[in-house]
Every structure is written in structure tokens, then in C-alpha cells.
Amino acid sequence: MDVFTCIILGILSLDTIRALIAMTGWVKPDAKLSWLIYGRRDKNTVISALKELGFNQEKSDYVVRNFRKLVRDLPRMTGITADNAALQLIVLLSKYTVKFPNEVRYGEEEGSTSNYYVDTMEISHDPEDIKKLRAIMTYLLATKVTLKKDVIISPKGGNPIFARGFADSIHGQLLVAKPMDDNSRITGDNVDTLEHFKINYEGSWKILNKHKKDRAYIIDCNTADGTQLLNILSEINRIKYKCGKSFPLDIQSQVFVLFCANAKGTNIDIKFESHKAELIRYFDLDEQAKQLLLELKNRCITEDREPDCVNEDDLRFANSIMKHLKDQKLWYYSDLHGETANESEEEKNGDSTV
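Not measured: the values here are computed from a predicted model.

Let's shift gears to the overall build of the protein. Along the protein, the regular secondary structure elements total 17 helices and nine strands. When contacts within the protein are restricted to residue pairs at least 6 apart in sequence, those whose partners lie at least 24 apart make up 67%. As displayed, the protein offers around 18800 Å² of accessible surface, 51% of which is attributable to carbon and sulfur atoms.

It is worth spelling out the nonpolar core at this point. General note: in soluble globular proteins, nonpolar side chains tend to be found buried as a group. With 56 residues, the main nonpolar core has Ile90, Met137, Leu258, Tyr282 and Phe283 as its most contacted residues. Once residues within four sequence positions are removed from consideration, tyrosine 282 is found in contact with Ala85, Ala86, Leu89, Ile136, Tyr139, Leu140, Val257, Leu258, Leu330, Trp331, Tyr332 and Tyr333. Of all hydrophobic cores here, the second largest spans 27 residues; its members include Ile207, Ile232, Ile236 and Ile239.

What follows deals with the pairing of strand E4 (residues 173-177). Of all five residues making up E4, four are buried, and the element is well covered by its neighbours. Sheet topology note: the strand E3 (residues 151-155)/E4 ladder contains five bridges and is parallel. Paired with valine 151 across the bridge in E4 is glutamine 173. Handedness of the β-α-β unit built from E3, helix H10 (residues 160-169) and E4 comes out right-handed. As judged from the two bridges shared by E4 and strand E5 (residues 201-202), these two strands associate in the antiparallel manner. For valine 176, the partnering residue across the bridge sits in E5 and is glutamate 202.

All right, on to the side chain of aspartate 129 then. As for its placement among the helices and strands, aspartate 129 is situated in helix H9 (residues 127-142). Here aspartate 129 is in contact with Leu92, Lys95, Tyr96 and Ile123, once residues within four sequence places are set aside.

The subject of this paragraph is helix H7 (residues 85-95). Within H7, 11 of the 11 residues are buried, which leaves it mostly tucked inside the rest of the structure. Within H7 the residues assigned to the buried category are Ala85, Ala86, Leu87, Gln88, Leu89, Ile90, Val91, Leu92, Leu93, Ser94 and Lys95.

What follows covers the packing of H7 against helix H14 (residues 287-302). Packing of H7 against H14 leaves a shortest axis separation of 8 Å and a crossing angle of 75°. Of the possible angle classes, the one that applies to H7 and H14 is roughly perpendicular. Within the contact between the two elements, H7 uses Ile90, Val91, Leu93, Ser94 and Lys95 and H14 uses Leu293, Leu296 and Lys297. Residues of the contact of H7 with H14, tallied by class, amount to five nonpolar, one polar and two charged.

To continue, consider helix H12 (residues 227-243). For H12, spanning 17 residues, the distance from its first C-alpha to its last is 24 Å, which sits close to the expected 24 Å at 1.5 Å a residue. Within two residues after H12, glycine 244 carries a phi angle of roughly 65°, on the positive side.

Attention shifts here to the pattern of salt bridges. Within the structure shown, the criterion is met by 17 salt bridges. Salt-bridge contacts for lysine 95 lead to glutamate 306; the nearest nitrogen and oxygen are separated by 2.9 Å. One end of the pair, lysine 95, is in helix H7; the other, glutamate 306, is in the loop between H14 and helix H15 (312-327), with 211 residues separating them in the sequence. Residue lysine 240 pairs with aspartate 250 through a salt bridge whose shortest N-O separation is 3.8 Å. Linking lysine 240 in helix H12 with aspartate 250 in strand E7 (residues 249-260), this pair joins segments that are 10 residues apart in sequence. Residue lysine 240 is classed as partly exposed on the basis of its relative accessible area, which comes to 30%. Three or more residues are tied together by salt bridges with common partners; here these are Lys95, Asp129 and Glu306.

Turning our attention to the packing of aromatic side chains. What the rule picks out here adds up to seven aromatic pairs. Ring centres of tyrosine 282 and tyrosine 333 lie 4.6 Å apart, and the angle between their planes is 45°; on these two criteria the pair is classed as tilted. With a gap of 51 residues between them, tyrosine 282 in the loop between strand E8 (278-280) and strand E9 (283-284) and tyrosine 333 in helix H16 (residues 333-337) connect regions that are remote in the sequence. Taking relative accessible area as the criterion, tyrosine 282 reaches 0% and is therefore assigned buried.

We now examine the pairing of E3. Most of E3 is tucked away: five of the five residues are buried. Bridge count for E3 against strand E6 (residues 214-223) is three bridges, and the pairing is parallel. In the strand pairing of E6, valine 151 is matched with alanine 216.

Another point: unusual backbone geometry. Of note in this structure, histidine 171 is not a glycine but carries a positive phi near 60°. As for its position among the elements, histidine 171 is in the loop between H10 and E4. Look at histidine 171 and you get partly exposed, because its relative accessible area is 34%. The residue aspartate 304 is not glycine, and still its phi comes out positive at about 55°. Tracing the backbone through its elements, the reader meets aspartate 304 in the loop between H14 and H15.

Attention now goes to the confidence of the model for the protein. For any part of a model where pLDDT is low, the fine detail of the predicted coordinates should not be relied upon. When pLDDT is averaged across the protein, the result is 80; 70% of the residues are at 70 or more. pLDDT under 50 marks residues 67-72. Its contacts with residues more than four places away, or in other chains, come to 10 contacts. Within the model, the stretch residues 339-354 combines pLDDT values under 50 with 16 contacts to residues more than four positions away or in other chains.

Attention shifts here to a nonpolar patch on the surface. A cluster of nonpolar residues, Ile186, Ile199 and Trp205, forms a patch on the protein surface that exposes about 290 Å² of accessible area. Looking at the element boundaries, isoleucine 199 is found in helix H11 (residues 194-200). Exposure remark for isoleucine 199: the relative accessible area of 33% places this residue in the partly exposed category.

What counts and what doesn't
Residues numbered from 1 in each chain as written. Predicted model: local features only at pLDDT ≥ 70, side-chain atom pairs only at ≥ 80, totals over all residues. Heavy atoms only, no water. Helix = DSSP H or I, 4+ residues; strand = E, 2+ residues; numbered from the N terminus. Contact = heavy atoms within 4.5 Å. Areas by Shrake-Rupley, 256 points an atom, 1.4 Å probe, with all protein chains shown as cover. Core = buried A, V, L, I, M, F, W, Y, C linked by side-chain atoms within 4.5 Å. Buried < 20%, exposed > 50% of the residue type's maximum accessible area, 1.4 Å probe, protein only. Pairing = 2+ DSSP bridges. Right-handed = clockwise from strand over helix to strand, strands pointing away. Axes fitted to C-alpha atoms, helices over the stretch in contact; angles between N-to-C directions. Parallel < 35°, antiparallel > 145°, perpendicular 65-115°, else oblique. Nonpolar A, V, L, I, M, F, W, Y, C, P; charged D, E, K, R; others polar. Expected span 1.5 Å × (residues − 1). Salt bridge = Lys/Arg side-chain N within 4 Å of Asp/Glu carboxyl O. Phe/Tyr/Trp six-rings, centres within 6.5 Å; stacked < 30°, edge-to-face > 60°. pLDDT = per-residue confidence, 0-100. Patch = residues over 30% accessible without salt bridge, like charges linked within 9 Å, V, L, I, M, F, W, Y side chains within 5 Å.

See the structure below:
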């Protein structure tokens, strides 16, 4: 954890006990550092504390100015690291896995059928779990790119709440792509223009008049067959080709999802390669993996608790799911992350900053 953040968090943690100390009268109001007990609730409180600890005015001002950013950018607040992100994802998904008595269908062109459904959209409505999901996605992107204030494009028919939170976490701009059958989408002749882009991609108005092109990535929490994601990529490439230099985005061919929800059927990697694109994800789920996710969830329900990576039994079970996925060649994160048995600390800490 950043040393300045540790210091400030330590200072602010005194709030929970200093009122009790003040009531006892043990510390006189005019004593040195007595303001830590009796309080001045403004930035001067923190600055004064830092000075007492030996920091100069310039450094103290810097810490106060950047405090909110320093805390927000700490992935350790979620307990998720580059090394455990994939296992954390397995445990989190188990919590939101449900089973139906009969097969259900989801997806677009080809459609997918399963007795199981992993409801990642529901994760977006849990304040703590959505933080974990954002951190997990950040580590996935960090295997391929250095994050900056990029543009994030996500399908409206996907998980735009998650995409909004992720874009905000990297201080980027979110564009929400309307699906092809959306009634609010404009169609007609000569549709691949900036005017159509402005309407069909919500949030795009702010980027249209920029002089510098923004780097843009297409993301979603998961995909079944990749149709929505490839529709976006194909359409934006057509608009970019037609508009030339006036198009404000540098669209990347790498598309990111946390996992592929359907491991059977058409090889999704070949499908993306045919569009000169690459689908980056942690793993694909087959039916047995979904069954194991539900089993992990049910084991926790019998103990009246939720799945948690801190629990040793849950972690062992998550590792068994990981082994199954690796045995079935459905695991991709090891290769992306450069995971080896003797991985150095430098590699572990390489591109893992949120």
C-alpha cells in the first residue's frame, strides 16, 4: 500500500476512538497534538499531522490533494491481485450461478442452451461485488495494455452498469452501443457516418470534437457467441473507414470479456480471427464447470454464508474448478498473465496497478 495512503488512513481511523478519549479528559485540549483528539475536521488536520510526522509543506499538500485518488486506485481495497484475480472471479461467479429444471436459451445469432445461468448483471447491483468485478477486469486488460483515460465501448444489451463503473475507475469515457434491433437506433441509407454514430453510440457527443484520437476498447462482462461485440467492432471500423481522419477513435482489435459463457459450439476464437480481432478473457465455461460453480454456492448455503476467497475450503474448491478448466483447455489467464511456477516478484507486480 502507498506509504502516504497508509499514513492518512491511520490518521483518519482515529475518528472512531478519539471521541471516547476526549470524554475521559486524559488529554488536555492545549496539549501538543491534542487536535487529533478534539478534532478540526478539514484538510489542515491531515496536513498538521503529516508535518508532525516530518513531512514538509509541499509533500503534505501533495498527499492531501491526491488522497481520494490514492485510495480509489488501490486494488488491495478489494483483496484482489493479479495473481488471484482468476480465482476471485470463480468464487464470485459461483455466488450468482443458478440452475433451471429445463434448458434455457440465451445469446444472439447462434444462441446457446444450458441448464445454468451465471447472472453477472445481478453483480452490478451489489456495491461490494461490483468493485471486485471492476478490479478483476482491470487486471485482465493489464495483461495486454497500459491503462489510461481510454474510451470504453460496451453493448447496451450487455452489462452497461458494469461498463460505466469500469470506465469511471480508469477515468475514461463510456460509449454504449445500441443493439441492431433497438427502436431508438437510427437506420437508413448511408448509415456509416458521424451523424449516425452520434445517435447510435450513447455518450459519443463529448468525443466528436476532439483534435486527438482516443484509444477505444470494446468490453463486456461476458459473451456467449460474440455477436454483439463483433457487430460493434465491424460497424465502427466501417464508420472509421468512411470518415477517415475525422473519426475520433482509434478502435482496438482486442475485445475484453471476463469469460465466455458457452464453451461448446462454434470456436469463438476463429470467429474473432475472421474479423481480424482477438477475444481476451480469463476462461470459458462448459456445463461441468457451471455445475461445479453451483456446487460451491450450495456448499456455502448449507453453512449459512456466501462464497469467499478468504475461506480455505472455498479456495480449494475454486482451485479444483480451475484445474478442470485447464484440463479441458478452457483456461487462458495463465498465458496472458505470464504465470509460471517460479514467477519473479517483478513479474507479479508488473502491470497490476488499477
